[in-house]
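Each chain is listed here by its residues.
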Number of protein chains: 2
Amino acid sequence: MDFLTILGLAAATLTTSAFLPQMLKTWQSKSAKDVSYTMLITFIIGIFLWLLYGIFRQDLAIILANFITLIFNMIILWLKIRYG
Amino acid sequence: MDFLTILGLAAATLTTSAFLPQMLKTWQSKSAKDVSYTMLITFIIGIFLWLLYGIFRQDLAIILANFITLIFNMIILWLKIRYG
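Keep in mind the model is a prediction, meaning the values are calculated, not measured.

Draft legend 1. Molecular detail of the interface of chain B and chain A. Tallying the contact residues gives 34 residues for chain B and 34 residues for chain A. Roughly 3,100 Å² of surface becomes buried between chain B and chain A when both sides are summed, with 77% attributable to carbon and sulfur atoms. Applying the counting criterion to the chain B and chain A interface returns zero salt bridges. Of all elements in the fold, only helix 1 (3-17), helix 2 (19-29) and helix 3 (37-57) of chain B reach the threshold of two or more residues within the side of chain B that touches chain A. In terms of residue count, the dominant contributor to the side of chain B that touches chain A is helix 3 of chain B (13 residues).

Draft legend 2. Main features of the relation of the copies chain B and chain A. In screw terms, the move from chain B to chain A is a rotation of 180° and a rise of 0.0 Å along the axis, fitting with an RMSD of 0.0 Å. Expressed as an axis order, the relation between the two copies is that of a two-fold axis. Closest approach to the rotation axis within chain B is made by the C-alpha atom of Asp34(B), at a distance of 2.7 Å. Interface overlap between copies is the fraction of interface residues in one copy that are interface residues in the other; for chain B against chain A it reaches 100%, indicating a shared surface.

Draft legend 3. Helix 3 (residues 37-57) of chain A, seen in detail. With 21 residues, helix 3 of chain A extends 30 Å between its outermost C-alpha atoms, agreeing within 8% with the 30 Å of an ideal straight helix rising 1.5 Å per residue. Of the residues making up helix 3 of chain A, those classed as buried are Met39(A), Leu40(A), Thr42(A), Phe43(A), Ile44(A), Gly46(A), Ile47(A), Leu49(A), Leu51(A), Tyr53(A) and Gly54(A). In this fold, the buried residues of helix 3 of chain A make contact with helix 2 (19-29) and helix 4 (60-83) of chain A together with helix 1, helix 2 and helix 3 of chain B. One side-chain oxygen of the residue at the start of helix 3 of chain A lies 3.3 Å from the amide nitrogen of Thr38(A), identifying that residue as Ser36(A). One or two steps after helix 3 of chain A, the chain reaches Gln58(A), where phi turns positive at roughly 55°.

Draft legend 4. Looking closely at helix 2 of chain A. By the burial criterion, the buried members of helix 2 of chain A are Phe19(A), Pro21(A), Gln22(A), Met23(A) and Thr26(A). Looking at the buried side of helix 2 of chain A, the elements it contacts are helix 1 (3-17), helix 3 and helix 4 of chain A together with helix 3 of chain B. Two residues or fewer after helix 2 of chain A comes Lys30(A), characterised by a positive phi angle close to 50°.

Calculation rules
Residues numbered from 1 in each chain as written. Chains lettered and ligands numbered in written order. Predicted model: local features only at pLDDT ≥ 70, side-chain atom pairs only at ≥ 80, totals over all residues. Heavy atoms only, no water. Contact = heavy atoms within 4.5 Å. Buried area = accessible area lost by both parts, 1.4 Å probe. Salt bridge = Lys/Arg side-chain N within 4 Å of Asp/Glu carboxyl O. Helix = DSSP H or I, 4+ residues; strand = E, 2+ residues; numbered from the N terminus. Least-squares fit on C-alpha atoms with pLDDT ≥ 70 in both. Expected span 1.5 Å × (residues − 1). Buried < 20%, exposed > 50% of the residue type's maximum accessible area, 1.4 Å probe, protein only. Polar contact = N/O pair within 3.5 Å; in protein donor to acceptor, adjacent residues only side chain to side chain.

Function-wise, these values are silent; they only describe arrangement.
This is the structure:
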């Protein structure tokens, strides 16, 4: 595996896993009032477009990273709807 | 411009601009206690790696999108440090 692939995978792992602590924090505190609805919805639509982009480009790294990020952010949105 | 380029640009525009409403919300409410520090720091390091990836690949779309996202998230982190 070359340097660029490792750099891309490291970047994808970090920007994807970043939403895990946000999800856990919201789950535990049962509060997401400081998290913006507009951010969540805009981000989810954007990630969905990245996922389509990855599917059309047949790029597994883009597909996987954005699929997981999409799931995490939909859970955060659901927690925000539930807890406010 | 082909369909895939337009799809990628639309995706990049949405995932970048998503952080603008979060920045404004935090600025106005002066509160970011529901925003996770671990998320912000992990995300910022990840976006920085994406920026390096774009620079090495000489991909202007990746460079621009991640540079702007990096600035927005560093401002959100600064607001979080300032307001808690």
